[in-house]
Amino acid sequence: MSATGRAPHPPSRPAAVPDAGLPVWLRPLAAALPGLRAEDVGWPEHRLDDGADARDAAVLVLFADGPAGPEVLLTERAGTLRQHSGQVAFPGGRADPGDADPAATALREAAEETGLDPAGVDVVGQVPALLLSHSRHAVTPVVAHWRAPGPVGVRDPAEVSRVERVPLAELHAPGARRRLRGPGGYTGPAFAVRGLLVWGFTAEVLVRVLALGALDVPEAPGTPELTLDEALRWADERGGRVSG
């Protein structure tokens, strides 16, 4: 245990399946994860886990082969939640005492939130934890391959209002990416897909994980910067509804 009472986690997990068990497009990401350090990812300074009384949490960055090519699983949090209400997120949450590691946390939470069957998922690795300073959570993104996709959906409307399998092609579509200037001086990437506004923690993780696997389309020079209100209207205009 660390001095803060938190058990330290290794910087990354080795690939859970041989490269031959992964789709070709996912293999570069799997190769990049072992031994990955926080400085390799380029987290902003305010996202670095300082280990000071932060609570462990994990999210599942789940990739699959879909009808439109590679896709990622995203959820929309219920609008009635006290924190991050209505925002787009990866499935995940706080670690329970019985969780063996961040992967166990991420898979358990994903099953509870979306009905995901963990038996059809292969953990590929993980990204060094990043800090949510306002809630004091150190969140480990767990990268996985959905080897045998099955039905997913809203299990508890009090927690999740929407579950989407989003093709990466939609994230990379012309006009789908902006810079967002949010509260407290925050700036970062944002995406508008299917009426959802993906920004903040989720967008920061997404762009870095995709970049690690050469699955990204770099932000174009001169990408427009929007306020949060402007970004919500932009997402509404592109998709017909707003997720904030």
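Details of the structure are given in the entry above.
Residues numbered from 1 in each chain as written. Predicted model: local features only at pLDDT ≥ 70, side-chain atom pairs only at ≥ 80, totals over all residues. Heavy atoms only, no water.

## A few points about the side chain of Arg-108
Position of Arg-108 relative to the elements: it lies in helix H3 (residues 102–114). Here the side chain of Arg-108 touches Arg-94 through a polar contact of 3.1 Å, landing on its backbone oxygen. A polar atom in the side chain of Arg-108 sits 3.4 Å from the side chain of Asp-96. (Helix = DSSP H or I, 4+ residues; strand = E, 2+ residues; numbered from the N terminus. Polar contact = N/O pair within 3.5 Å; in protein donor to acceptor, adjacent residues only side chain to side chain.)

## Here we look at the nonpolar core
Generally speaking, soluble globular proteins have nonpolar side chains that are buried together. Formed by 38 residues in total, the largest nonpolar core has its most connected members in Phe-63, Val-72 and Val-143. Broken down by element, this core gets its largest block of residues, seven residues, from helix H5 (residues 200–212). Discounting residues that sit within four places of it in the chain, Val-72 has contacts with Val-61, Leu-62, Phe-63, Phe-90, Glu-164, Arg-165, Val-166, Leu-168 and Leu-171. Grouped together as the second largest cluster of nonpolar side chains are 17 residues, Ala-103, Val-123, Trp-146 and Val-160 included. (Core = buried A, V, L, I, M, F, W, Y, C linked by side-chain atoms within 4.5 Å. Buried < 20%, exposed > 50% of the residue type's maximum accessible area, 1.4 Å probe, protein only. Contact = heavy atoms within 4.5 Å.)

## Here's the deal with the sheet that holds strand E11 (residues 196–198)
Sheet architecture is open: four strands sit in the order E11-E10-E9-E12, paired in mixed fashion. What marks the edges here is a single partner per strand, and that holds for E11 and strand E12 (225–227). Ignoring strand direction, the axes of neighbouring strands in this sheet form an average angle of 40°. Sheet strands in contact with H5 are strand E9 (177–181), strand E10 (187–193) and E11, and its direction is about 90° off that of E10. This element, helix H6 (residues 228–239), spans E9, E10, E11 and E12 of the sheet and lies at about 105° to E12. (Pairing = 2+ DSSP bridges. Axes fitted to C-alpha atoms, helices over the stretch in contact; angles between N-to-C directions.)

## Quick look at the environment of Ser-161
Inspection of the secondary structure puts Ser-161 in strand E8 (residues 160–167). Residue classification places Ser-161 among the partly exposed residues on the basis of a relative accessible area of 40%. Residues Ser-161 and Arg-77 lie 84 residues apart in sequence; the distance between their C-alpha atoms is 5.8 Å. Sequence-distant contacts of Ser-161, that is, excluding residues within four places in its chain, are made with Glu-76, Arg-77, Ala-78 and Val-154.

## Some thoughts on H6
Its twelve residues give H6 an end-to-end C-alpha distance of 16 Å, which sits within 8% of 16 Å, the value for a rise of 1.5 Å per residue. Here H6 has its buried residues at Ala-231, Leu-232, Trp-234 and Ala-235. The arc that holds the buried residues of H6, viewed along the axis, is 160°, so those residues lie on one side. Those residues of H6 that are exposed and angled more than 90 degrees off the buried face are Asp-229 and Glu-237. Where H6 is buried, its residues contact E9, E10, E11 and E12. (Expected span 1.5 Å × (residues − 1). Arc of directions from axis to C-beta.)

## Observations concerning the side chain of Arg-162
In this fold, Arg-162 is placed in strand E8. A relative accessible area of 15% means that Arg-162 is categorised as buried. For Arg-162, the side chain forms a polar contact with the side chain of Glu-164, separated by 3.0 Å.

## Quick word on the environment of Ala-110
Mapped onto the fold, Ala-110 is located in helix H3. When sequence neighbours within four positions are dropped, the list of residues in contact with Ala-110 reads Leu-60, Pro-91, Gly-115 and Leu-116.

## Concerning the pattern of salt bridges
Counted under the stated rule, the structure contains 14 salt bridges. Glu-112 is the salt-bridge partner of Arg-108, the closest N and O atoms lying 3.4 Å from each other. Linking Arg-108 with Glu-112, this pair stays in helix H3, spanning four residues, or about one helical turn. Arg-108 sits in the buried class, given a relative accessible area of 19%. Accessibility expressed as a relative area gives 45% for Glu-112, which makes it partly exposed. Connected via shared salt-bridge partners are Asp-96, Asp-99, Arg-108, Glu-109 and Glu-112. (Salt bridge = Lys/Arg side-chain N within 4 Å of Asp/Glu carboxyl O.)

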